[in-house]
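# Coordinates in review
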Amino acid sequence: MPPFNLTSLTPATFVLAGIPGMEKSHIWISIPFCSIYLAALLGNGVLLFVIRTERSLHQPMYLFLSMLAIADLMLSTTTVPKMLALFWFSAGEISFDACLTQMFFLHFSFSAESVILLAMAFDRFVAICYPLQHAVVLTQSAVVKTGMVALLRSFCIIFPCIFLLKRLPFCGHNVIPHTYCEHMGIARLACADISINVLYGLAVPFAAIVVDVVLIAVSYVLILVALFRLPSRTARYKAFNTCGSHVCVILLFYIPAFFTVLTHRFGREIPHHIHILLANLYVLFPPLMNPMVYGVRTQQIKEKVMKVFLCPKSRLMQE
């Protein structure tokens, strides 16, 4: 008897079903989704342009912020265009390889963003607790190496998921009740034991993110201790204001993600379409809000945006 060929059970395409139970509302849902995505592209694009063109912003804090903007753009662009094609044209079909690619970059960008947020917390810790050593510790070389660590760690964590999915037979099941491809959403379609996928998908990435959160929390505890020791109220206010932007970004990133994971694992009574809508939050909301938070709360960025975009207009009017 010839050996059973599992690769023959790999579907040529998957079908993204969108938001189950809300198919008639897909057009209306696409309007805010598209608006948020375009605003995120504009906001992060402006942020990257300003940091790139203004040499005074070529500092660790702003270089990390540009990395964060790139990760945000990757996170949203990986999922939203296909999501909008599904909503507008019912183009839910996606090839198996394209689905795995989307899954990889979705989880990869999320993991990389977590490392970048940790690096930003460390930057604030050194700047406030050891200000005289900040320029020595966080050189441009150190920032570049941190970016490489973010890429390498994310790749090593997420890449095995591709092989864990490729080994599974699917037996004709190819409809994913979601707006994009993610690891467990694909694995649940398999007609085989997926306990390894469940264990790896929950334990390894989740543990890495939890370690990042713990280290960020430790950094900010030490920062708070140092802040309360500052003799000047003005210095305390300036330091609080600088850290406040980063804390807002951290909350915007981790709260929707953890809430989505916890409701998906334990919220059995929550309707499935609510799960899908919540899952869309962390690919849309952080990329939208991060440039707004830093643009509004960081004086240097506000001044540089005004300089870059308003000064040329004023010069043209004078001419």
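Nothing here was measured: the structure is a model prediction, and the numbers come from that model. Within each chain, residues carry numbers counting from 1 in the order of the written sequence. Local features in a predicted model are, by the rule used here, given only for residues with pLDDT of at least 70; side-chain atom pairs are given and counted only at 80 or more, and totals for whole chains, interfaces and linings are based on all residues. For side-chain calculations, the full set of non-hydrogen atoms in the structure is used, while hydrogens and water are omitted.

A few words now on the overall build of the protein chain. Assigned secondary structure in the protein chain consists of 10 helices and three strands. Helix and strand assignments follow DSSP, with helices taken as H or I runs no shorter than four residues and strands as E runs no shorter than two, numbered in order from the N terminus. Element order for the protein chain, N to C, with α for helix and β for strand: β-α-α-β-α-α-α-β-α-α-α-α-α. Along the first, second and third principal axes, the C-alpha set of the protein chain runs to 80 × 50 × 40 Å. The rule is simple: take the accessible area with a 1.4 Å probe, protein chains only, and divide by the maximum for that residue type; under 20% is buried, over 50% is exposed, in between is partly exposed. Scored against the burial criterion, the 319 residues of the protein chain give a buried share of 46%. Contacts were defined at the residue level, with two residues in contact if any of their heavy atoms lie within 4.5 Å. For the protein chain, the proportion of contacts with a sequence separation of at least 24, taken over those separated by at least 6, is 80%. Here the accessible surface of atoms and residues is derived via Shrake-Rupley with a 1.4 Å probe, and residues count as covered only by protein chains that are part of the display. Accessible surface computed for the protein chain: about 16500 Å², of which carbon and sulfur atoms make up 72%. Under this rule, positive means Lys or Arg and negative means Asp or Glu; His and the chain ends count for nothing. Taken as the charge location is NZ of Lys, CZ of Arg, CG of Asp or CD of Glu. Taken together, the 22 basic and 13 acidic charged side chains of the protein chain have centroids lying 10 Å from each other.

In this section: the state of the cysteines. Put simply, a disulfide is two cysteine sulfurs that come within 2.5 Å. This model, assessed by the stated rule, comprises two disulfides. Sulfur-sulfur distance for the disulfide between Cys99 and Cys181 comes to 1.9 Å. Judged by the sign of its S-S torsion, about -115 degrees, the bond between Cys99 and Cys181 is left-handed. Residue Cys99 is located in helix α3 (residues 96–129), and its partner Cys181 is located in the loop between β3 (175–176) and α6 (183–187); the two are separated by 82 residues in the primary sequence. Note on accessibility: Cys99 and Cys181 belong to one class, buried. The side chain of Cys171 participates in a disulfide bridge whose partner is Cys191; the two sulfur atoms lie 1.6 Å from each other. With the S-S bond torsion at 65 degrees, the cross-link from Cys171 to Cys191 turns out right-handed. Of the two residues, Cys171 is situated in the loop between α5 (140–166) and β3 and Cys191 in the loop between α6 and α7 (195–228); the sequence distance between them amounts to 20 residues. Judged by relative accessible area, Cys191 falls into the partly exposed class, the value being 33%. Cysteine pairing for the protein chain, with bonded cysteines counted in sequence order: 1-3, 2-4. Free cysteine Cys161: the closest other cysteine sulfur is in Cys156, separated by 12 Å.

With that settled, consider helix α2 (residues 60–89). The span one expects for a helix is its residue count, reduced by one, times 1.5 Å. Given a rise of 1.5 Å per residue, 30 residues ought to cover 44 Å, and the 43 Å separating the end C-alpha atoms of α2 matches this to within 8%. At Thr77, α2 shows its maximal bend, which comes to roughly 30 degrees, and the proline Pro81 appears one to four places after that position. The buried fraction of α2 amounts to 23 of the 30 residues, a majority that puts the element mostly inside the structure. With its phi angle positive at about 55 degrees, Ser90 sits one or two positions after the end of α2. To obtain the bend at a residue, axes are fitted to the seven residues ending there and to the seven starting there, and the angle between these axes is taken.

It is worth spelling out the pattern of salt bridges at this point. A side chain with one charge may pair with a side chain of the opposite charge, provided their charged atoms come close. Take a side-chain nitrogen of Lys or Arg and a carboxyl oxygen of Asp or Glu: if they are within 4 Å of each other, that pair is a salt bridge. The tally for this structure, following the rule as stated, stands at three salt bridges. Notably, a salt bridge pairs Asp123 with Arg124, separated by 2.9 Å at the nearest N-O pair. Residue Asp123 is classed as buried on the basis of its relative accessible area, which comes to 1%.

All right, on to the packing of aromatic side chains then. Any aromatic ring pair is given by two values, namely how distant the centres are and how the planes are angled relative to each other. Stacked, edge-to-face and tilted labels apply to pairs of Phe, Tyr and Trp rings (six-membered ring for Trp) whose centres lie within 6.5 Å, assigned for plane angles under 30 degrees, over 60, and everything in between, in that order. Evaluation of the coordinates by the stated rule reveals 18 aromatic pairs. Ring geometry for Trp88 against Phe89: centres 6.2 Å apart, planes inclined by 80 degrees, an arrangement best described as edge-to-face. Judged by centre distance (6.0 Å) and plane angle (80 degrees), the ring pair of Phe104 and Phe155 falls under edge-to-face. Remark: Phe155 occurs in helix α5 and Phe104 occurs in helix α3; sequence separation between them is 51 residues. Note on Phe155: relative accessible area 38%, which makes it partly exposed. Here the aromatic residues Phe104, Phe105, Phe108, Phe155, Phe159 and Phe163 are joined through ring pairs into a cluster of three or more.

A few words now on the UniProt feature "transmembrane region" (unreviewed entry) in the protein chain. UniProt positions are given in the numbering used here, feature names are shortened, and annotations may be inferred rather than shown by experiment. Here, the residues flagged by UniProt with the feature "transmembrane region" (unreviewed entry) are residues 27–50, 62–80, 142–165, 209–228, 240–262 and 274–296. Within the segment residues 142–165, helix and strand shares are 100% and 0% respectively, and the terminal C-alpha atoms sit 36 Å apart. Taken end to end, residues 240–262 has its terminal C-alpha atoms 31 Å apart, with 100% of it in helix and 0% in strand.

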